[in-house]
Amino acid sequence: MSLLSKLLVLVGVGCLGVWGYFHLQSNAEKEIITEQRYLSLLTNSLSDPSGTIDNLDELLGSSKITNMELLLLAELILDLPEKSIDPYLPKLSEKLNDPSVDWQILSAVVEYHEGRIAEALTKLQKVAEENPVNRRASYEYNRARMSAGSVEERIPAKLKLFDLAQSDDRWAYKSLRVLAYSSPMRGLTQRDVERATKELRTHALVQPADFLTASGILLSLQESNQIEAFLQDTLELGKDLVSVGEFGSWLGQIGRPDLALQVVSSQNAFADDPAFFARFQALLETNQTVEANQLLRQATHLSEPRLLLAQTYLKIFQGEPGALAQFFKEAKELNTASSLLDVARLALLQGDGDVSLQAFQAAWSIDPASFNMSQSNQFLQISLKLRKTRDAQKITAEIKRKNPQKFGNANNHVYLSLLLGEDPAVLGNEAQRIVDAFPGNPSFLSTLALSKLLLDQPGEALEVMRQRGRVPLIHGERALLACILMADGKKEDAKQLSKGLEEQRMLPEEWALAQRYGLVAKGG
């Protein structure tokens, strides 16, 4: 080989070495950047879970998401009431069969949300026992045992969650939320809930919304002579955590507009929307309408729908007739779901069910997805109260689409769909799945019994109703049981039970069912 050739080879090898060095360095830097991105998303997931899901969705769509980020995405969706895991299952299907511990846990949690409770608990128990130091496994297993386990299981689950809570990480924080937001029951005392709520308020990761919710729970437990001291302590404890607008709104909700005025100054009110409404409403609640009017005239930062809402509040407090009707008219002209939802909420507060229903219907026609869980449930309750079965079923269908893990709503949807004449065989299978998940729930049993009646299985329907025990029957359930008894040949018992049924206390389809079995007169 000539000298020139040797030099060229050496130069080439040198270039490859330099390229290799920079390539390795680039990959290392990419890994660092990716790790930093994940840690940032993990931190933000506590304060803004919805926003974090949006960011993770973008990474998923561009195929840049890492394994840990995909795991976080699934975890957040399963935790958030407004989200459903269903649309993500095709992209998660391969990972849900991954043998790694974290994905085994998540796979079991998905099964739990889909109603396969017993199978999920068995899998979670196995993973938790085989991986005793895995905090995700311990949290998910004991959270599931708290909500679906027996009393004998609930007590050790509670103790384990309290044990997990003795840390500053997110599993400790999430454990405290489970305990603090559970209603006292056998195996979980009021003292347990109070302890968890106190610890949640002072946890290193506590978020403003949880701080205020926990404070509200603790406030309800205070003796009357302790309330003022507790509120002052709460204001001091949360002053660097909760914004003045959030604090002011919370104080207004608990009936302390005087404290809201202390917390939210006039200057604060012009900073953002929550602070303005906290002070504005507090002024109205304390009969300072002149000052409220002055504040409103100076508020140039409000959007048109929020300005309209504030003007309506003022008109109502000043006793102006027709204020609510005018608000509804102008909100329809704005044609935004958010403004119409404001009308519906205010109409409910004013006790005007007709306007509230019309506003809910108008908002729904614009954007059903804009309804949060609370608004959907309000719309559902008023639809049921006004005996609007078709409207109610549309609402339960949308809630089910967004929140398939909400078994109470799933049961409502099956029940209403059965009344409206949909296939009782298909719906009966769904009713059975729901009962299998929560076998002691009397409402779920009533729905299953209805499906069996409509399938001409009155004997089986009667056996299901007997499983309810001595739980009182509401009007529609009493009519259902009477129909089942009549179909099963127990005519005298059926007629005795149907005495006193009132049409206005039942859905039209429930009344029609009673008519079909000759238990109430045609036409009323």
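Residues numbered from 1 in each chain as written. Predicted model: local features only at pLDDT ≥ 70, side-chain atom pairs only at ≥ 80, totals over all residues. Heavy atoms only, no water.

1. Side note on the overall build of the protein chain
Put simply, the rule is: Helix numbering and strand numbering both begin at the N terminus, where a helix is a DSSP run of H or I of at least 4 residues and a strand a DSSP run of E of at least 2. The buried label applies to any residue whose accessible area, calculated with a 1.4 Å probe on protein chains only, is under 20% of its type's maximum; exposed applies above 50%, and partly exposed to all values in between. We call two residues in contact when some of their heavy atoms are within 4.5 Å. Accessible surface is estimated by sampling points in the Shrake-Rupley manner with a 1.4 Å probe; for residues, cover comes only from the protein chains shown. None of His or the chain ends enter the tally, which takes Lys and Arg as positive and Asp and Glu as negative. Note on charges: their place is set at NZ of Lys, CZ of Arg, CG of Asp or CD of Glu.
Within the protein chain, the secondary structure is distributed over 30 helices and 0 strands. Expressed as lengths along the three principal axes of its C-alpha atoms, the size of the protein chain is roughly 115 × 65 × 50 Å. Looking at the protein chain as a whole, 45% of its 524 residues qualify as buried. When contacts within the protein chain are restricted to residue pairs at least 6 apart in sequence, those whose partners lie at least 24 apart make up 54%. Of the accessible surface of the protein chain, which amounts to about 26,600 Å², a share of 52% is contributed by carbon and sulfur atoms. Once the 56 positive and 66 negative side-chain charges of the protein chain are each reduced to a mean point, those two points are 4 Å apart.

2. Things to note about the packing of helix α5 (residues 101-113) against helix α7 (residues 135-148)
Keep this limit in mind: Interaxial angles span 0 to 180 degrees and are taken between N-to-C directions of axes, which are lines fitted to C-alpha atoms, for helices over the stretch in contact. By the definition adopted for this analysis, an angle is roughly parallel if under 35 degrees, roughly antiparallel if over 145, roughly perpendicular if from 65 to 115, and oblique otherwise. Crossing handedness follows the turn of the near helix against the far one: under a right angle anticlockwise gives a left-handed crossing, and clockwise gives a right-handed one.
Packing of α5 against α7 leaves a shortest axis separation of 10 Å and a crossing angle of 15 degrees. With respect to α7, the element α5 is oriented roughly parallel. Helix-helix and strand crossings are classified by hand; for α5 and α7 the assignment is left-handed. On α7, the residues touching Asp102, Ile105, Val109 and Tyr112 of α5 are Arg136, Ala137, Glu140, Arg143, Ala144, Ser147 and Ala148.

3. Describing the packing of helix α17 (residues 289-298) against helix α18 (residues 304-317)
Our working definition: By the convention adopted, Pro, Cys, Tyr, Trp, Phe, Met, Ile, Leu, Val and Ala count as nonpolar, Lys, Arg, Asp and Glu as charged, and the other residues, Gly among them, as polar.
Interaxial distance between α17 and α18 falls to 11 Å at its minimum, and their mutual angle equals 165 degrees. One element, α17, and the other, α18, form an angle in the roughly antiparallel class. The chirality of how α17 crosses α18 is left-handed. Where α17 approaches α18, its residues Thr289, Asn293 and Leu296 are matched on the opposing element by Leu307, Ala310, Gln311 and Leu314. Tallied by class, residues from the contact of α17 with α18 come to 4 nonpolar, 3 polar and no charged.

4. Examining the packing of aromatic side chains
Basically, it comes down to this: Two rings from Phe, Tyr or Trp (for Trp, the six-membered ring) form a pair when their centres are within 6.5 Å of each other. A pair whose planes differ by under 30 degrees is stacked, one over 60 is edge-to-face, and the rest are tilted.
For the structure shown, the criterion picks out 14 aromatic pairs. Ring centres 5.2 Å apart and planes at 15 degrees place the aromatic pair Phe276 and Phe280 in the stacked group. Remark: Phe280 and Phe276 occur in helix α16 (residues 273-285); sequence separation between them is 4 residues, near one turn of the helix. Taking the relative accessible area as the measure of exposure, Phe276 reaches 0% and is therefore buried. Within the aromatic cluster, the residues linked to one another by ring pairs are Phe276, Phe277, Phe280 and Tyr313.

5. Details of the pattern of salt bridges
Quick reminder of the rule: The term salt bridge refers to a side-chain nitrogen of Lys or Arg lying within 4 Å of a carboxyl oxygen of Asp or Glu.
Per the stated rule, a full pass over the model turns up 32 salt bridges. Where Glu228 meets Arg256, a salt bridge forms, and the shortest distance between an N and an O atom there is 2.6 Å. A residue pair is termed long-range when its members are at least 10 positions apart, and Glu228 in helix α12 (residues 227-238) and Arg256 in the loop between α13 (244-253) and α14 (257-263) qualify at 28 residues. Owing to a relative accessible area of 41%, Glu228 belongs among the partly exposed residues under this scheme. When the shortest N-O distance is used, the salt bridge between Arg256 and Asp258 registers 2.9 Å. Classification of Arg256 as buried rests on a relative accessible area of 17%. Connected through shared salt-bridge partners, Glu75, Asp79, Asp102, Arg136, Glu140, Arg143, Arg170 and Lys174 make up one network.

6. Some thoughts on unusual backbone geometry
Positive phi, close to 60 degrees, is recorded for Ser63, a residue that is not glycine. Mapped onto the fold, Ser63 is located in the loop between α2 (49-61) and α3 (67-79). Despite not being glycine, Asp456 shows a phi value in the positive range, around 60 degrees. Checked against the element boundaries, Asp456 lands in the loop between α26 (442-454) and α27 (458-466).

7. Some remarks on the nonpolar core
Quick note on the threshold: Buried Ala, Val, Leu, Ile, Met, Phe, Trp, Tyr and Cys residues form a nonpolar core when they are joined through side-chain atoms within 4.5 Å.
Among the nonpolar cores identified, the biggest contains 156 residues, and Leu73, Phe276 and Phe280 are the most heavily contacted of them. Excluding residues within four positions of it along the chain, Phe276 makes contact with Ala269, Leu295, Leu296, Ala299, His301, Leu302 and Ala310.

8. Describing the environment of Gln375
In this fold, Gln375 is placed in helix α22 (residues 373-385). Beyond its immediate stretch of four places on either side in the chain, Gln375 contacts Leu341, Phe360 and Ser370.

9. Regarding the side chain of Arg145
By secondary structure assignment, the location of Arg145 is in helix α7. Although Arg145 is buried, it makes no salt bridge; Glu153 carries the closest opposite charge, 4.9 Å away. Excluding anything up to four places from it in sequence, Arg145 contacts Leu121, Glu153, Arg154, Pro156 and Ala157.

10. A short note on the confidence of the model for the protein chain
Note the threshold: Known as pLDDT, the predictor's per-residue confidence is scaled from 0 to 100.
Here the protein chain averages 89 in pLDDT, and 94% of its residues register 70 or above. Note that pLDDT drops below 50 for residues 6-11; the model gives that stretch 2 contacts with residues more than four away or on any other chain.

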